[in-house]
Amino acid sequence: METAKAVKARDSFTTGLGVIAATLGSAVGLGNIWKFPALTGLNGGAAFIIVYLLSTLMAGLPVMIAELMLGRRSKSDALTTFRVLHPKRETWSLIGAAGVLSAFLILAFYTEVAGWVFAYIFKAASGSILSADPKVTSAAFEKLIADPVQSVFWQCAVIVFVGAIIVMGVAKGIEKTTKRLMPVLFLILVMIGVRSLMLPGAAQGLDFLFRPDFSKVTGAVVLTAMGLAFFKLSVGMGTMITYGSYFRDDQNVPMTALRVMLADLTVSILAGIAIFPAVFTFGFKPEAGPSLLFITIPAVFSQMPFGNVFVVLFFVLGAIAATGAMLSIMEVPVAYLHQRFGVSRFKATAATGILLALIGSTAALSNSVLANFKLFGMTMFDLYDFLTSNLLMPVGGLFICIFVGWVWGEQKVRGALSNDGRLQNSAVISIFFFLVKYVAPITIGVILLRGLKII
Ligand code: PFF
């Protein structure tokens, strides 16, 4: 009995499809709906997409493969992974520690936006936010975010909801949920996309999204594109290390990462196609950030026939996307506490949830009580967003590349990515190793220094 307990299998993903669903669930999130379309439209359309794609291929994807590989080899959380793979030098686990910090900072603002999305499903269903007049939808949104009680309430509701799925476990909670939700997400997105393309402003919307304007691509825009590449693929902070530790040994890691990246890109582009034709048809200005989602969308969609149904569907889509992403971020500290200190998943989740509610409230209240509390000219909400996407994730990714390319070394990488010789993918591994050792660190380093105006 004793031994049976000792070798009790670690909770992990059970099927190949489950691995894809969970990993894609992490990548697809509010980033696709809230960040990608708006940033693309505002920063040069197709020109921005090209820079984003290059950052993804040269930095985001290699880091994703690296993380999944490390996690699967160590079968450990983001911090312990480095201790297991390189026991001689403890300092490498600082990468994991920074990842746990990033997880809290991202969740702090992400759960808040998700809270608004959840609230909007109910508000749209009851009709209270539906109006063709943006002044009305804007006032409704202002009322929600300027109300400290509602803001904190919806954020806590989201934390409890995500926490409840996490407590159920990796296979029965995360895998099962994402496997059910991902197909629904695609279905809703295609429905809204088709509806939007039938509107008279479709050509103008597509033009805004895709027309290349290279004059807009400055150093800061390139950093934004790279930050987006990291944020989109959920890399640079240990999420993919943690998920990799739940991968099966026969999973083809580079192929899985490539498929997830392509599917995620498809969702982003579909989201742009769903949003902008509608925005232009009804004469709105495309704006970035929350206002696009919560002010423009309800105003725009409620003018279409069956618009109320589409507004509800749109926010259900947002809620599904946000849930898969939040599960993966919350799993980072939960896996660490569970594995390192041997506490139950329930206790680990409860501790994470409470700490998160405390940190998160500073973001939730940044439109009300803490509106004037700014650091570096930013509210806490904006600061957490900027710090994670533009600093912590790229820096985390940089050190992961250095660890894999220069410390762990080619031989171990070959063993890990070929599933110990069972896969015939030596050319793919050669390309990956070149990218991770030279191309990715140099790209990340230069973009960071230029974007932050250091060089
Ligand atoms: N990839 C998610 C999105 O695009 O919304 C956000 C995200 C998830 C970031 C997981 C970081 C992370 F670890």
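To be clear, the structure that these remarks concern was listed above.
Residues numbered from 1 in each chain as written. Predicted model: local features only at pLDDT ≥ 70, side-chain atom pairs only at ≥ 80, totals over all residues. Heavy atoms only, no water.

Peer 1: How do you make sense of a nonpolar patch on the surface when you look at a structure like this?
Peer 2: Taken together, the side chains of F386, W406, V407, F434, Y438, I442, V446, L449, L452, I454 and I455 present a nonpolar region at the surface, about 1,000 Å² in accessible area. Broken down by secondary-structure element, the contributors of at least two residues to the nonpolar patch are α17 (380–408) and α19 (426–451). For V446, the location among the structural elements is in helix α19. (Patch = residues over 30% accessible without salt bridge, like charges linked within 9 Å, V, L, I, M, F, W, Y side chains within 5 Å. Areas by Shrake-Rupley, 256 points an atom, 1.4 Å probe, with all protein chains shown as cover. Salt bridge = Lys/Arg side-chain N within 4 Å of Asp/Glu carboxyl O. Helix = DSSP H or I, 4+ residues; strand = E, 2+ residues; numbered from the N terminus.)

Peer 1: For this particular structure, what's the right way to read the nonpolar core?
Peer 2: Counting residues in hydrophobic clusters, the biggest one holds 144 residues, and the most contacted among them are F301 and F314. Setting aside residues no more than four positions away along its own chain, F301 makes contact with I192, A274, A278, G307, F310, V311 and F314. Judged by nonpolar contacts, the second largest core, of 10 residues, contains F36, I49, V51 and A229. (Core = buried A, V, L, I, M, F, W, Y, C linked by side-chain atoms within 4.5 Å. Buried < 20%, exposed > 50% of the residue type's maximum accessible area, 1.4 Å probe, protein only. Contact = heavy atoms within 4.5 Å.)

Peer 1: Explanation requested: the site of the ligand in the structure shown.
Peer 2: Taken together, 17 residues form the shell around the ligand, and within it G31, Y110, F231, K232 and T239 come nearest. Between the ligand and A27 there is a distance of 2.9 Å, counted from a nitrogen atom to a backbone nitrogen or oxygen. Here the ligand loses 100% of its free accessible area of 340 Å² to cover by the protein chains. Sorting the residues of the shell around the ligand by element identifies α2 (16–27), α3 (30–42), α6 (93–126), α11 (219–232) and α15 (307–341) as the ones contributing at least two each. In the shell around the ligand, the residues fall into 9 nonpolar, 7 polar and 1 charged. (Near = heavy atom within 4 Å. Polar contact = N/O pair within 3.5 Å; in protein donor to acceptor, adjacent residues only side chain to side chain. Nonpolar A, V, L, I, M, F, W, Y, C, P; charged D, E, K, R; others polar.)

Peer 1: What am I meant to see in the pattern of salt bridges here?
Peer 2: Opposite charge on two side chains permits pairing when their charged atoms draw close. Applying the stated criterion across every chain yields a total of 11 salt bridges. Note that K75 and D249 form a salt bridge whose closest N and O atoms lie 3.1 Å from each other. Here the residue K75 occupies a position in the loop between α4 (46–74) and α5 (78–85), and D249 occupies one in the loop between α12 (239–244) and α13 (253–281), the gap between them amounting to 174 residues. Among the residues examined, K75 registers a relative accessible area of 28% and is labelled partly exposed. For E90, the salt bridge is made with R83, and the minimal N-O distance between the two is 3.1 Å.

Peer 1: Which parts of the structure should I look at to understand the environment of D147?
Peer 2: Mapped onto the fold, D147 is located in the loop between α7 (134–145) and α8 (148–167). A relative accessible area of 25% means that D147 is categorised as partly exposed. Residues D147 and S344, 197 residues apart in the sequence, show an inter-C-alpha distance of 36 Å. Polar contacts involving the side chain of D147 include one to the main-chain amide nitrogen of V149, which spans 3.0 Å.

Coordinates in, geometry out; function isn't part of it.
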